[in-house]
Amino acid sequence: METPFQAEEFVNSQVREIGSRLGKEMAMIAISGGVDSTTCAAIMHRAIGSSFKPILIDTGFMRLKEPEKVRKMLLAPPLRLPLKIVRGKRSFMKALDGIENAEEKRKAFRETMYTILGESAKKERCKYLVQGTIAPDWIETKGGIKTQHNVLEQMGIKTLEKYGFTLIEPLASLYKDQVRQVARYLKVSTQISERPPFPGPGLVVRCVGRIDSRKLGVLKTATDIVERRLKDQGTQQYFAVILENQFENGELSTGIRELAAKSLSVKSDEIVVRVFLQRATGVKGDERVYGKVAGICVPETNRETLGNDVPKLIEVEGQVTSSFPELVRVLYLVDNRVRQGRYSLVVRAVSTRDFMTADVTSVSWDVLSRIARDILKAIREISCVYYDVTPKPPATVEFE
Ligand code: XMP
């Protein structure tokens, strides 16, 4: 039988190891305010007191006012860390300009992030960079599912040669639930230990395809609405995703329409299926798929009744994604406006233990339709609001 994870033992061994590795050298720690990086900071604090440099790179892809909120959170007890914020928005926008493909976006993000971190480490005379990479990050990156922004050494990237620092990753063997146990053991505030995850590349991976400042601004506003409405709904990770309203014409949408109509007992000519031109990341049989996304729109008269039966929608999603292997996600229309705007907005809500797989959380129709109403009222460029009914697999948690 496997021995249960012991947070105390883990912390003690990391404290010893960090102390002996660093000796008298100075270290910088990259913090995003999430549970992984902040727990790393708490371990460092235990190992070497406050003689390390906590730094947050403001990528421009965090949520509204997030860098400032994180700064305040870290200044509060028990950590009391003076976080340095480095502004990097322009460099990131420039690096991502015109890139459509999800993996290329992720690699451009990683390169910009570590170039800035390398420059900062040099300025602060730090030989070491500590970061909160956890097991699923490198497992998925090595497995070719997606390039997580914080996986370098495991992919053969020599950080000392390329960026001038040696990496220390105290949490690299842990899964998210174990990191939370460590955070609780170290008495990090619950605001941090129970914080829903937010990926390092932030809104880059939720702003599907090319990014421009208008699209990003719309996504930030929608993210705020979705997070406020979903925070007490018992879902572990929840967020908004933006897609462009560009669709393919062809047999695929007809095939999906017929299958969905049969499964949902709706007349096929009453259903509209839109297959988006933009692609999203998925995983089928442990392999990465960069696949298509379909939105199913049933008539208004049936929408609420069917929308309340989330297990049924997930079953239909399963039939659709297995019958049409080029598909990785199925979305269910919650509400729309008559005039077509530039974007569709997707609400994603999942529950998971280890993030290697994830279930769709059943959000009530009442909450979904309120979110959709708020979004359609606040943002005129958005004309459709969908609910993502795809588990992982065949989708991943994030769209890219
Ligand atoms: P996926 O999309 O791979 O997400 O199913 C699993 C979990 O990992 C988060 N995620 C990331 N976290 N850097 C991170 O720090 C990344 O590049 C990254 N990509 C995904 C995602 O939000 C989810 O919690």
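Engineer: Mind laying out the sheet that holds strand β3 (residues 84-87), listing which residues take part and the relevant values?
Structural biologist: Read across the open sheet, the 5 strands follow the order β3-β2-β1-β4-β5; overall the sheet is parallel. Two strands close off the open sheet at either side, each with one partner strand: β3 and β5 (166-168). On average, each strand axis in the sheet is inclined to that of its neighbour by 30°, with strand direction left out of account. Along the sheet, helix α5 (residues 102-123) contacts β1 (27-30), β2 (53-58), β3 and β4 (128-130); its crossing angle with β2, the most-contacted strand, is approximately 145°.

Engineer: Explain empty space enclosed by the protein to me, and be specific about the residues and the numbers.
Structural biologist: Here the structure, examined in full by the defined rule, presents 3 cavities of 30 Å³ or more. When its volume is computed, the largest cavity comes out at roughly 810 Å³. Lining the largest cavity are 44 residues, with D36, H149, F198, P199 and G200 sitting closest to its centre. Where the lining of the largest cavity is concerned, the elements lending two or more residues are α2 (35-48), β2, α5 and α6 (135-142). Top element by residues in the lining of the largest cavity is α5. It accounts for 4 residues. A breakdown of the residues in the lining of the largest cavity according to their chemical character gives 18 nonpolar, 14 polar and 12 charged. Counted as a void, the second largest cavity has a volume near 50 Å³. Looking at the second largest cavity, the residues that line it are L264, I296, L313, V316, V330, L331, Y332 and V389. Contributing elements (two or more residues each) for the lining of the second largest cavity: α13 (310-323) and β11 (327-336).

Engineer: Any chance you could break down helix α3 (residues 66-75) for me, citing the residues and the numbers?
Structural biologist: Restricting attention to buried positions, one finds in α3 the residues E66, P67, V70, M73 and L74. Taken end-on, α3 shows its buried residues confined to a sector of 120°, consistent with a single buried face. In α3, the exposed positions angled more than 90 degrees off the buried face are occupied by K69 and K72.

Engineer: Got a sec to walk through the pairing of strand β10 (residues 287-297)? Specific residues and values, please.
Structural biologist: Burial analysis of β10 places 8 of its 11 residues in the buried class, the great majority of the element. One ladder, built from 4 bridges, connects strand β8 (residues 272-276) with β10; its direction is antiparallel. Paired with V273 across the strands is I296, a residue of β10. Note that strand β9 (residues 280-284) and β10 share 5 bridges and pair antiparallel. Bridge pairing in β10 places V283 opposite R288. Where β10 lies against β11, 5 bridges are found, and the strand directions are parallel. Paired with I296 across the strands is Y332, a residue of β11.

Engineer: Outline the site of the ligand, supporting the account with residue identities and numerical values.
Structural biologist: Around the ligand sit 16 residues, and of these E140, K146, Q148, K392 and E398 come closest. Separating an oxygen atom of the ligand from a side-chain N or O atom of K392 is a distance of 2.6 Å. Between E398 and the ligand, the recorded distance is 2.5 Å, taken from a side-chain N or O atom to an oxygen atom. When isolated, the ligand has an accessible area of 490 Å², and the protein chains bury 92% of it. A majority-of-atoms criterion places the ligand in the largest cavity. For the shell around the ligand, the per-class residue count stands at 5 nonpolar, 6 polar and 5 charged.

Engineer: Now, about the pattern of salt bridges: what can you tell me, with residues and values included?
Structural biologist: For side chains bearing opposite charge, pairing can occur when the charged atoms are close. With the rule as written, the count across this model stands at 27 salt bridges. Measuring nitrogen to oxygen at the nearest pair gives 2.9 Å for the salt bridge that ties E111 to K162. Note that E111 is positioned in helix α5 and K162 in helix α7 (residues 159-163), a separation of 51 residues in sequence. By relative accessible area, which is 32% here, E111 ends up partly exposed. A salt bridge links K215 to E244; its shortest N-O distance comes to 2.7 Å. Placement of K215 in helix α10 (residues 213-230) and of E244 in strand β6 (residues 237-244) is noted, with a sequence separation of 29 residues between them. Note on accessibility: K215 and E244 belong to one class, buried. Salt bridges here are not isolated pairs; linked through shared partners, they connect R63, E66, R195 and E227.

Parameters and conventions
Residues numbered from 1 in each chain as written. Predicted model: local features only at pLDDT ≥ 70, side-chain atom pairs only at ≥ 80, totals over all residues. Heavy atoms only, no water. Pairing = 2+ DSSP bridges. Helix = DSSP H or I, 4+ residues; strand = E, 2+ residues; numbered from the N terminus. Axes fitted to C-alpha atoms, helices over the stretch in contact; angles between N-to-C directions. Contact = heavy atoms within 4.5 Å. 1 Å grid on protein atoms, 1.4 Å probe; cavity = no way out; pocket = protein on both sides within 12 Å on 5 of 7 lines; lining within 4 Å. Points joined across faces, edges and corners; volume = space filled by probe spheres on them. Nonpolar A, V, L, I, M, F, W, Y, C, P; charged D, E, K, R; others polar. Buried < 20%, exposed > 50% of the residue type's maximum accessible area, 1.4 Å probe, protein only. Arc of directions from axis to C-beta. Near = heavy atom within 4 Å. Polar contact = N/O pair within 3.5 Å; in protein donor to acceptor, adjacent residues only side chain to side chain. Areas by Shrake-Rupley, 256 points an atom, 1.4 Å probe, with all protein chains shown as cover. Sits in = over half its atoms within 2 Å of the grid points. Salt bridge = Lys/Arg side-chain N within 4 Å of Asp/Glu carboxyl O.

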